[in-house]
Amino acid sequence: MATQYEAGVSRRDIANIRATRDAKTTIFKRARPGETAIQTFLIFCGVLSVFTTLGIVYVLGSEALLFFGSGAVDLVEFFTAPRWQPQAGEFGIMPLISATLMTTIFAMLVAIPLGLGAAIYLAEYAPERLRATLKPILEILAGIPTVVYGYFALTFMTPLLRAIFGQNTVSIYNVASAGLVMGIMILPTIASMSEDAISAVPRNLREASYGLGATRLETTLKVVLPAALSGVIAAFLVGISRAVGETMIVALAAGAGPCILYGANSNCFQPFGAAETMTGHIVRISGGDLSYNSIDYNSLFAIGLTLFVFTLILNLISRYITNRFREAYQ
Amino acid sequence: MATVIDSSDNKSFMPDEAAFKRGLAGRQTRGRVWQIFFVASIVIALLALLALFFNVVNSSFGLVASTFQVDPDSIVEGGDFAAASTEELAAAIVRLRENPAKVLVRDISAVPTNEFTTRPLNDVLAGRTVPEGLGELTINELTPEQLTSVVAANVSRDVLLTYIADDLVGEDVLETFPLIDSLFNRGTIEAFVLEEFGGEEENIEVYFRSWLRPSFIVTKQSSDPIATGVSTALLGTVWIVGITVLVAFPIGVGAAIYLEEYSTPNNKWANRFARLVETNIRNLAGVPSIIYGLLGLAIFVRALVDITSGSFLGFEGNGRTILSASLTMALLVLPVIIINAQEAIRAVPPSIREASYGLGATKWQTIWRQVLPAGMPGILTGTILGMSRAIGETAPLVVIGASTAIFVDPNGPFSSFTALPIQIYQWTARPQPEFRAVAAAAIIVLLVLLLLLNATAIFLRQYFRRKLQG
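## So, the overall build of chain A
Right, on to step 1. Helix and strand counts for chain A come out as 13 helices and two strands.
Right, on to step 2. Computed over C-alpha atoms, the radius of gyration of chain A comes to 29 Å, more than 25% over the 20 Å expected from 2.2 N^0.38 for 330 residues, which places it beyond the range of a compact globule.
Right, on to step 3. Put simply, chain A has 330 residues, and 46% of those count as buried.
Right, on to step 4. Sequence separation of 24 or more characterises 76% of the internal contacts of chain A that already satisfy a separation of 6 or more.

In structure tokens:
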């Protein structure tokens, strides 16, 4: 039939088909100013996010340049000086970074084992019903505002630590309390992301392992977990990034006033002592009376830039790992 | 080749039965031990959540030991002055503190302070209610009954109540006690208070106080923990979140539509650009909130001060306004809204779009009438997630300079403001225990607000789903 039809197509038919097609194209290409305007608006919405990033980089960069250009501090001093005391003209960011490092380590000591443990339990052990109840509860934990965790750290964790380790050992504001509560705050993030990664491991890997006589634990630790490793590590990195950028818990519970890194009276790296983190310092200084264009004001942006670079690197690595290894088992 | 297994070789890698069984028992024990650890992880997380709620509730209610200048139960007959009429309140104030009662009248009078006591009431209260027959007298010539009638006729009940609560009663909290102790150790607490303060203070009363009370929610902020409330902060939060959503919702959904519906033309550069935008949004979602605070401080508070302070409309003040806070928050929650809206739009089946195109609809008609309604449950969920984040975020607001010493409710986008989480932060940071109790009560208000919001999200999701199906 088809060939017969083709054979019977005349020139006029072809012309007709062409005409119809052209007519269609004209309809399709008719200018629709409304549609164009809407599309322009939508593109603008997308572009706005790029401008936000540019804005962040520009603001942090330009104010930090003013800070370094003021002559009060050079880059080497910024990264090596043992003290951060703006009144005395000393701007060494290391004490602030060391405190951030301390709280982050404490947070990860809580969040990584417990978050991963919770994820493994939810993905591999928990019956479906229990899992359906537990996941929303963990989400509640993730949805509580950080200032509430700060209150919790100051009024619950600190007294608890002081009761355990002694009033003299543990000061009222201390790094350990802030870090541990931060760990509880980040736990659900790590648990949820790791659980997604573990659940995404294909079933046949588990079945093969069981078939070889492995126990559930052996299957989980030696087969499933290695397969989900990229996702799990990405979760850890996101957790670390959140800990580094977390503000209100450290502002309330970790203490005011940067520690001294080395030299006389050096007091960094004391888990039960007070130390101010990068974020804690920004909040405390900007919450007070701050005059624009002062060196104090500019220094906040230099700290902010350092913080931004830290978290950006962590997030980029995390995203790289997720994307790079995403389809390894599919 | 490994395909042929010599039976004599088996022994080298297969354990004999006894060894296998011994090993198996060990392996199973190890499994049980680890399982206990996995369960413990979840249990610890749940316990932490419980401890957090318990801790907040434990501080929001409980016994307090206070001293009073005037016993609050003796102010009006029947004891409860909050329920008394304006006349009774005025009479009580005149009876207990005659001069302050006159000051209350002076506060509403238009005459200069130094002439207040020498001019007749007709002048002092020009344009207001002067009780009959008193117009020619000065305020110092009135009998207490006449003064009461003047006060009752002119000063509002709220002002009288505030005066009684703040100044007349003069409650001063000596000590607060947590709920659990208050319930089970009341005797010990009373003995402790008597021993500790009994010798030096008069009018001590130990009573059960719920720091979270209806008046706490509707009262303006005050520097006195007994009299303070969260209405100022609550309104600040509502204003901020409201404007944030107004700004972030259309832009966020717009960006999501662009990325999902418009970004896959055959144009290589357009495609690359969309990829860039997408990566960028994912990275923005991971930027710490305090960085947004710095951005808002430099851009909205300082650079755009003419707009955010409202001076282009004739308002006065600096850039530390609700508008600045809202715009900062909008940037902060945009990634959340965009990512969730993208997922919702992606989940709309292509068949719906194709059917719409097939009927001759344009691209925008298809999106507006088919894709968006179908994706609305997911989009709303994402928006409410963003709102929850905006309600709880504290750091950016502190950085852009929310003022905590605000005692008047905000009344527009150009007001200076405080917000619930900022108030919680400030109250928690104070050393006095009564402010901790106030902070705990404010936390409950904040958590209830979040709960209501999430309940709304679930309700809206169900509503839209039913509408789509029906």
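## Some points on the overall build of chain B
Right, on to step 1. Helix and strand counts for chain B come out as 20 helices and three strands.
Right, on to step 2. What you see for chain B is a C-alpha radius of gyration of 33 Å, clearly larger than the 23 Å of a compact globule of 470 residues, by over 25%.
Right, on to step 3. Along the first, second and third principal axes, the C-alpha atoms of chain B reach 120 × 70 × 45 Å.
Right, on to step 4. Going through the 470 residues of chain B one by one, you find that 41% of them count as buried.

## Details of the sheet that holds strand E2 (residues 172–176) of chain B
Backbone hydrogen bonds hold the strands of a sheet together, and the pairing may be parallel or antiparallel.
Residues and elements named next belong to chain B.
Right, on to step 1. Read from one edge of the open sheet, three strands run E2-E1-E3, paired in antiparallel fashion. Edge positions in the sheet fall to E2 and strand E3 (204–210), since each has one partner strand and no second. Sheet twist, expressed as the average angle between the axes of neighbouring strands with direction ignored, equals 35°.
Right, on to step 2. In terms of strand pairing, strand E1 (residues 61–67) meets E3 through seven bridges, oriented antiparallel. For Thr67, the partnering residue across the bridge sits in E3 and is Ile204.
Right, on to step 3. On the sheet, helix H9 (residues 186–197) packs against E1, E2 and E3 and is oriented at approximately 135° with respect to E3.

## Concerning the interface of chain A and chain B
Right, on to step 1. In this complex, chain A contributes 67 residues to the contact, which on the side of chain B involves 68 residues.
Right, on to step 2. The element that contributes the greatest number of residues to the side of chain A that touches chain B is helix H3 (residues 33–69) of chain A, accounting for 18 residues.
Right, on to step 3. Class assignment of the residues belonging to the side of chain A that touches chain B gives a composition of 40 nonpolar, 21 polar and six charged.

## Quick word on the domain arrangement of chain B
All names here are of chain B.
Right, on to step 1. Each domain of chain B was delimited in the assignment, giving domain 1 (57–70 + 169–210), domain 2 (76–168) and domain 3 (231–469).
Right, on to step 2. Each of domain 1 and domain 3 has a C-alpha centre, and the two are 43 Å apart.
Right, on to step 3. Opposite the four residues of domain 1 that make contact, domain 3 presents seven residues.
Right, on to step 4. Elements supplying a minimum of two residues to the side of domain 1 that touches domain 3: helix H2 (17–60) and E2.

## Structural notes on H3(A)
Right, on to step 1. Under the 1.5 Å per step criterion, the end-to-end length of H3(A) is 50 Å for 37 residues, consistent within 8% with the ideal 54 Å.
Right, on to step 2. Along its buried surface, H3(A) packs onto helix H13 (295–325) of chain A together with helix H11 (231–262), helix H12 (268–285), helix H13 (289–303), helix H15 (322–346) and helix H17 (363–392) of chain B.
Right, on to step 3. Just downstream of H3(A) lies Gly71(A), where phi reads positive at about 90°.

## Considerations on the confidence of the model for chain B
Residue and element names in this part refer to chain B.
Right, on to step 1. The pLDDT averaged across chain B works out to 85; a share of 94% of its residues lies at or above 70.
Right, on to step 2. Summarising per-element confidence for chain B, the mean pLDDT is lowest in helix H1 (residues 7–13) (53) and highest in H15 (94).
Right, on to step 3. This complex was scored by the predictor with a pTM of 0.85 and an ipTM of 0.87.

## Description of the packing of helix H6 (residues 128–143) of chain A against H2(B)
Right, on to step 1. Where H6(A) meets H2(B), the axes come as close as 10 Å, and the angle between the chain directions of the two elements is 50°. Put simply, H6(A) runs oblique to H2(B). Judged by the twist between their axes, the crossing of H6(A) over H2(B) is left-handed. Together, Leu134(A), Ile137(A), Leu138(A), Ile140(A) and Leu141(A) of H6(A) and Ile42(B), Ala45(B), Leu46(B) and Leu49(B) of H2(B) make up the contact between the two elements.
Right, on to step 2. Across the contact of H6(A) with H2(B), the residue classes tally to nine nonpolar, no polar and no charged.

Reading the values: the criteria
- Residues numbered from 1 in each chain as written.
- Chains lettered and ligands numbered in written order.
- Predicted model: local features only at pLDDT ≥ 70, side-chain atom pairs only at ≥ 80, totals over all residues.
- Helix = DSSP H or I, 4+ residues; strand = E, 2+ residues; numbered from the N terminus.
- Rg over C-alpha atoms; globule rule 2.2 N^0.38 Å.
- Buried ≥ 20, exposed ≤ 12 C-beta atoms within 10 Å, placed from the backbone.
- Contact = placed C-beta atoms within 7 Å.
- Pairing = 2+ DSSP bridges.
- Axes fitted to C-alpha atoms, helices over the stretch in contact; angles between N-to-C directions.
- Nonpolar A, V, L, I, M, F, W, Y, C, P; charged D, E, K, R; others polar.
- Domains from an automatic or database assignment.
- Expected span 1.5 Å × (residues − 1).
- pLDDT = per-residue confidence, 0-100.
- Parallel < 35°, antiparallel > 145°, perpendicular 65-115°, else oblique.
- Left-handed = near helix turned anticlockwise from the far one by under 90°.

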